[in-house]
Amino acid sequence: MYWSKLFIPTLRENPAEAEVVSHQLLLRAGYIRQLAAGVYNYLFLAQRSILKITAIVREEMDAIGAQEMLLPALNPAEVWQESGRWTIMGDNMFRLKDRFGRDMCLGMTHEEVMTSIARGELRSYKQMPQIWYQIQTKFRDEPRPKSGLLRVRQFIMKDSYSFDMGPEGLDVAYNKHRDAYCRIFERCGLQFVIVEADSGAMGGSKSNEFMVRSEAGEDFVVECKGCGYAANLEKAVGKPSAPLASDPEGDLAPEEFHTPGQKTIAEIAAFTGLPETSQMKSLVMAADGTLVLALVRGDHQLSETKFASAVGAVEVRPAHPEEIRQAFGADAGSLGPVGVSKIRVIADLALQGRKNMIAGANKNDYHLRNVTPGEDFKPEFFDLRQVVTGDACLQCGKPVEMYKTVEIGHIFKLGYKYSKSMGLHVTNEGGEEITPIMGSYGIGVERILSSAVELYADKDGMSLPPAIAPFFVVVTPVNIKAGPQMEMSQKIYQACKAAGLDALFDDRDERPGVKFKDADLIGAPWRVTVGKKLAQGKVEVVNRRTKQSTDVAIEDVVTFLKGQ
RNA sequence: CGGGGCGUAGCGCAGCCUGGUAGCGCACCUGCCUUGGGCGCAGGGGGUCGGGCGUUCAAAUCGCCCCGCCCCGACCA
């Protein structure tokens, strides 16, 4: 293609609204333009890149026997009501009414629709198993779209769904997907890690996320370099550091003491001269509207995800000050577990076996010393604590690391949630009706592009992996007024195309600096510069990422590029 | 939804505090010049100052309301 004829609106300066690198560069390089918060136009370059990504996704999905479908983005409320997610999705779902007042929504994901197809058509074990997928636009009314294409309200997702006769079959489908995802992300040129993940509102047992390390991400991953353990922070486990002071010996009874104005863990630590690890932190949470008292060690953080999964709640929030006062007769800062009877008390495992600790007295400005879990109150123990950097790995004992990531894929063992609620049955070999087991597997297409931009950006712009760059090579004549340069550029461009290389011919009447800057910005992996060395029958082939320039004889250019 | 910020030419911004002719850089158009990293010279076009209401002789500027966008938090199959 001829650059002079294309619409590639590059910008010299960073648009003010863009904060993260991928957002800045996608705008500057003319890939995207914003239409509304979290809604983007994908211009020519973005579309080319997306088509390359989806082509890879298709090949790998087809290779595991998955069948592509195209499903409605516009859904009737009924299927979502059947699964119960019409309510659960809350404000995250775009909703509308048709002219007759019927409730409709824009699909956030397609478990319900896929299951509705399956229950109408799948009858016998002979039709099983099935893997169906789609590459389509999904809609989520995100409370806060941000970071360019990383968190948006309308995006392209590859979603697949597996239907199997039983758990063994699901294992097979799950592993096929895990392998296919690895191939997809490798082919896209990404560096990624597979982590254990929380299943959240999707329901189901096991799930893994595919993460790309990036400061622009929103998820934290805990990883052990020793044994390879890796998990989303929401799910991660680790062995906490030992308490800084040993607990007082003896079978002591709780004893109230005055702590005027001392509310925070740090204040109590300073006041008593005992470290934070000697305290119990009392957090009152509302779990689906019911108050629960959660206890963690003074220096630890409560993981809301673990808390929600421990109490089996969908919606979790800190209790309001009025709720706390009403239930405990004291305010946050003086709360504790002793004497609490009407409220469920759960405690983190790090408190198991501890004794004679400090906790609030449920009386403003008073605390208790010598509080022993299991004696002075009887909590249910769960893993509730958020892992921190430096915790010992549970598997190998080495200290764990933590870093920010972008989630590019997520695979779930769904179980029977949708097949059961929506009445999917098939007959097995013995003639009995069984409920198939399902899996669901997603890939965020724009996130592949964004995370590749993030991963390989430098001061000059993007440096995309060849497989997903909109063009593989840009052929640039230094001076288009110089006839031989122009002719030779054209020839090289044609030869590249004939050899199957995705080439762009920068025939614009611009100064060389402008053309070099633009080529760097849009991130094509290679540039062929046709200039003064033409006299010796040579051109320069420049590697975008390494900036290394090689003089190559004209007749060898295509071979050289093909060999890369 | 809570906190903060912004909205003036396509982009980046100044002007607003202290009301009185709407400005700068880049981009764009024309001509000349130039051609190895966003070149130079000359000329030119482009603005409901986010919207509404109000105060005032007079509002980009002051007040109230609304809308949009960004950031932090909450949220995030």
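Residues numbered from 1 in each chain as written. Chains lettered and ligands numbered in written order. Predicted model: local features only at pLDDT ≥ 70, side-chain atom pairs only at ≥ 80, totals over all residues. Heavy atoms only, no water.

Draft legend 1. Fine view of helix α7 (residues 265–272). Within the sequence span of α7, burial applies to Ile-265, Ile-268 and Ala-269. Taken around the axis of α7, the buried residues stretch over an arc of 105°, which confines them to a single face. Against the buried residues of α7 lie β14 (280–287), β18 (357–360) and β19 (366–371). Among the residues trailing α7, Gly-273 stands out with phi positive, at a value near 75°. (Buried < 20%, exposed > 50% of the residue type's maximum accessible area, 1.4 Å probe, protein only. Helix = DSSP H or I, 4+ residues; strand = E, 2+ residues; numbered from the N terminus. Arc of directions from axis to C-beta. Contact = heavy atoms within 4.5 Å.)

Draft legend 2. Inspection of the sheet that holds strand β5 (residues 95–97) at higher detail. Strand order in the open sheet formed by 3 strands is β4-β6-β5, and the pairing between neighbours is antiparallel. At either end of the open sheet lies a strand with only one pairing partner, and these are β4 (74–76) and β5. Averaged over neighbouring strand pairs, the angle between their axes works out to 35° when direction is ignored. Sheet topology note: the β5/strand β6 (residues 103–106) ladder contains 3 bridges and is antiparallel. What sits directly across from Leu-96, in β6, is Met-104. (Pairing = 2+ DSSP bridges. Axes fitted to C-alpha atoms, helices over the stretch in contact; angles between N-to-C directions.)

Draft legend 3. Geometry of the packing of helix α2 (residues 44–63) against helix α6 (residues 167–187). With their axes 9 Å apart at the nearest point, α2 and α6 run at an angle of 150° to one another. Accordingly, the angle class assigned to the pair α2 and α6 is roughly antiparallel. For the pair α2 and α6, the sense of crossing is right-handed. In this structure, α2 contributes Ile-56, Val-57, Glu-59, Glu-60 and Met-61 to the contact, and α6 contributes His-177, Ala-180, Tyr-181, Arg-183, Ile-184 and Arg-187. (Parallel < 35°, antiparallel > 145°, perpendicular 65-115°, else oblique. Left-handed = near helix turned anticlockwise from the far one by under 90°.)

Draft legend 4. Region of interest: the packing of α2 against helix α11 (residues 445–456). Their axes nearest at 10 Å, the elements α2 and α11 cross at an angle of 115°. Put simply, α2 runs roughly perpendicular to α11. Classified by chirality, the crossing of α11 by α2 is right-handed. When α2 is examined against α11, the residues Ser-49, Ile-50, Ile-53 and Thr-54 are found in contact with a partner set consisting of Val-445, Ile-448 and Leu-449. Split by residue class, the contact of α2 with α11 holds 5 nonpolar, 2 polar and no charged. (Nonpolar A, V, L, I, M, F, W, Y, C, P; charged D, E, K, R; others polar.)

Draft legend 5. Structural detail: the nonpolar core. With 65 residues, the main nonpolar core has Tyr-31, Tyr-181, Ile-184 and Phe-185 as its most contacted residues. No other element matches α6, which puts 8 residues into this core. Residues lining this core come from more than one domain, with at least three contributed by each of domain 1 (15–190 + 421–453) and domain 3 (473–562). Excluding residues that lie within four positions of it along the chain, Tyr-31 makes contacts with Leu-26, Asn-41, Tyr-42, Leu-43, Leu-45, Ala-46, Ser-49, Leu-449, Met-462, Leu-464, Pro-470 and Ile-522. In terms of nonpolar packing, the next biggest core, distinct from the first, is built from 21 residues, Met-280, Val-284, Met-357 and Leu-368 among them. (Core = buried A, V, L, I, M, F, W, Y, C linked by side-chain atoms within 4.5 Å. Domains from an automatic or database assignment.)

Draft legend 6. Fine view of the environment of Gly-339. Within the secondary structure layout, Gly-339 lies in the loop between α9 (321–328) and β17 (344–348). Gly-339 sits in the exposed class, given a relative accessible area of 69%. Taking the C-alpha atoms as reference points, Gly-339 and Phe-328, 11 residues apart in sequence, are found 9.7 Å from one another.

Draft legend 7. Inspection of the pattern of salt bridges at higher detail. Here the structure, examined in full by the defined rule, presents 39 salt bridges. Here Asp-171 makes a salt bridge to Lys-413, at a shortest N to O gap of 2.5 Å. Of the two residues, Asp-171 sits in helix α6 while Lys-413 sits in strand β21 (residues 401–415), which places them 242 residues apart along the sequence. In this structure, Glu-540 engages Lys-533 in a salt bridge whose closest nitrogen and oxygen atoms are separated by 3.2 Å. In this structure Lys-533 comes out as partly exposed when scored by relative accessible area, which is 25%. Through salt bridges with shared partners, one network takes in Asp-458, Lys-459, Asp-460, Arg-544 and Lys-547. (Salt bridge = Lys/Arg side-chain N within 4 Å of Asp/Glu carboxyl O.)

Draft legend 8. Spotlight on the confidence of the model for chain A. Residue-level pLDDT values for chain A average 94, and 99% of them are 70 or greater. Here strand β16 (residues 316–318) stands out as the least confident element of chain A, with mean pLDDT 83; strand β3 (residues 67–68) is the most confident, with 98. The ipTM for the predicted assembly is 0.94, set against a pTM of 0.94. (pLDDT = per-residue confidence, 0-100.)

Draft legend 9. Structural view of α6. Counted at 1.5 Å a residue, the expected span for α6 with its 21 residues is 30 Å, and the 30 Å between its end C-alpha atoms agrees. When we look at burial in α6, the residues that qualify are Leu-170, Ala-173, Tyr-174, His-177, Ala-180, Tyr-181, Cys-182, Ile-184 and Phe-185. Positive phi appears at Gly-189, one or two residues downstream of α6, with a value of about 80°. (Expected span 1.5 Å × (residues − 1).)

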